[in-house]
Amino acid sequence: MRELAERARNGDQEAFAGLYREVYEDLYRFALYVLKNPHDAQDAAAETVADAYASVGKLRKPEAFRPWIFKILTNKCKRRLKEYSRRDVELTEEILSGEILAGEQDTDLYFQVRQAFFSLEWEERLIVSMKIFGGYKSEEIGQILHKSHNTVRSRLSRALKKMEEKLR
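Residues numbered from 1 in each chain as written. Predicted model: local features only at pLDDT ≥ 70, side-chain atom pairs only at ≥ 80, totals over all residues. Heavy atoms only, no water.

## Observations concerning helix H8 (residues 138-145)
To keep things clear, this is the line we draw: Each residue's exposure class comes from its accessible area (1.4 Å probe, protein chains only) as a fraction of the maximum for that residue type: buried when under 20%, exposed when over 50%, partly exposed otherwise. The helix and strand labels rest on DSSP assignments: H or I over at least four residues marks a helix, E over at least two residues marks a strand, and numbering proceeds from the N terminus. Working definition: the arc comes from the directions between the helix axis and the C-beta atoms, pointing outward to the latter.
Turning to H8, its buried residues are Ser138, Ile141, Gly142, Ile144 and Leu145. Taken around the axis of H8, the buried residues stretch over an arc of 165 degrees, which confines them to a single face. Positioned one or two residues after H8, histidine 146 has a phi angle of 60 degrees, which is positive.

## Section: the confidence of the model for the protein
So the rule is basically this: pLDDT runs from 0 to 100 and stands for how confident the predictor is about each residue.
Of the residues in the protein, 83% have a pLDDT of 70 or more, and the chain-wide mean is 80. Helix H5 (residues 93-97) is the least confidently modelled element of the protein, averaging 40 in pLDDT, while helix H3 (residues 38-55) averages 90, the highest of any element.

## Let's talk about the environment of alanine 159
To keep things clear, this is the line we draw: By definition, residues are in contact when any of their heavy atoms lie within 4.5 Å.
Tracing the sequence through the fold places alanine 159 in helix H9 (residues 149-167). A C-alpha to C-alpha distance of 8.6 Å links alanine 159 and glutamate 121, two positions 38 residues apart in sequence. In this view, alanine 159 contacts Leu120, Glu124 and Val128; residues no more than four positions away in its chain are not counted.

## What about H3?
Test applied: Expected helix span is given by 1.5 Å per residue-to-residue step, counting one fewer step than there are residues. For this analysis, a polar contact is any N or O atom pair within 3.5 Å, provided that within protein one partner can donate a hydrogen and the other can accept it, and provided that sequence-adjacent residues contribute only side-chain to side-chain pairs.
If you check H3, its first and last C-alpha atoms are 26 Å apart, about what 18 residues at 1.5 Å a residue would give, namely 26 Å. Taken as a whole, H3 has its buried residues at Asp40, Ala41, Ala44, Ala45, Thr48, Val49, Ala52 and Ser55. Two or three places before histidine 39, at the opening of H3, asparagine 37 has a side-chain oxygen 2.9 Å from that residue's backbone nitrogen.

## Quick look at unusual backbone geometry
Located in the positive-phi region is histidine 146, a residue other than glycine, with phi close to 60 degrees. On the secondary structure map, histidine 146 appears in the loop between H8 and H9. Accessibility expressed as a relative area gives 57% for histidine 146, which makes it exposed.

## What to know about the packing of aromatic side chains
Where two aromatic rings form a pair, the distance of their centres and the angle of their planes describe that pair. Basically, it comes down to this: Between 30 and 60 degrees the pair is tilted, below 30 it is stacked and above 60 it is edge-to-face, where a pair is any two Phe, Tyr or Trp rings, Trp via its six-membered ring, whose centres lie within 6.5 Å.
Applying the stated criterion across every chain yields a total of six aromatic pairs. With a centroid separation of 6.4 Å and an interplanar angle of 85 degrees, the aromatic rings of phenylalanine 16 and phenylalanine 65 are classed as edge-to-face. Remark: phenylalanine 65 occurs in helix H4 (residues 65-86) and phenylalanine 16 occurs in helix H2 (residues 13-35); sequence separation between them is 49 residues. The buried category is assigned to phenylalanine 65, whose relative accessible area is 1%. A ring pair is formed by phenylalanine 30 and phenylalanine 70, whose centres lie 5.9 Å apart and whose planes are at 75 degrees; its orientation type is edge-to-face. Of this pair, phenylalanine 30 sits in helix H2 while phenylalanine 70 sits in helix H4, and the two are 40 residues apart along the sequence. Summarising the burial analysis for this pair, phenylalanine 30 and phenylalanine 70 share the class buried.

Right, dumping it as structure tokens:
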């Protein structure tokens, strides 16, 4: 990946295409777990790739391509989450009647877990999402977020304890 990033940084379009193939699936999966919307996740991942392509020449360390592109995605997801909180949601009959959750076996538990998750701070939700839903290791999360893996582990542990307390 380092070699591809070096070549992409020097303007090689094929090298950037190779980098794209390496990371796109992970970018999409991460965005989906954070945003919870397939269309928004696709948009965020696509915008991230477009921005990365436009600025890959500014990449200082080719070996840091993966954390660099995930930082771009993280910022895009943050912006979208802020947009979500500003949107007015129309309460339709479907939502009010609970029909929208017809596939859930235990809707009460579903809402409690969701509420506990969204009570966490942004960074805590990000770490929990990456670890639990994305399957990333603490070292990988630390690299992406520019934190030590021990910091990631302790923040993950605290976040899960907070959720557990909310669920009692």
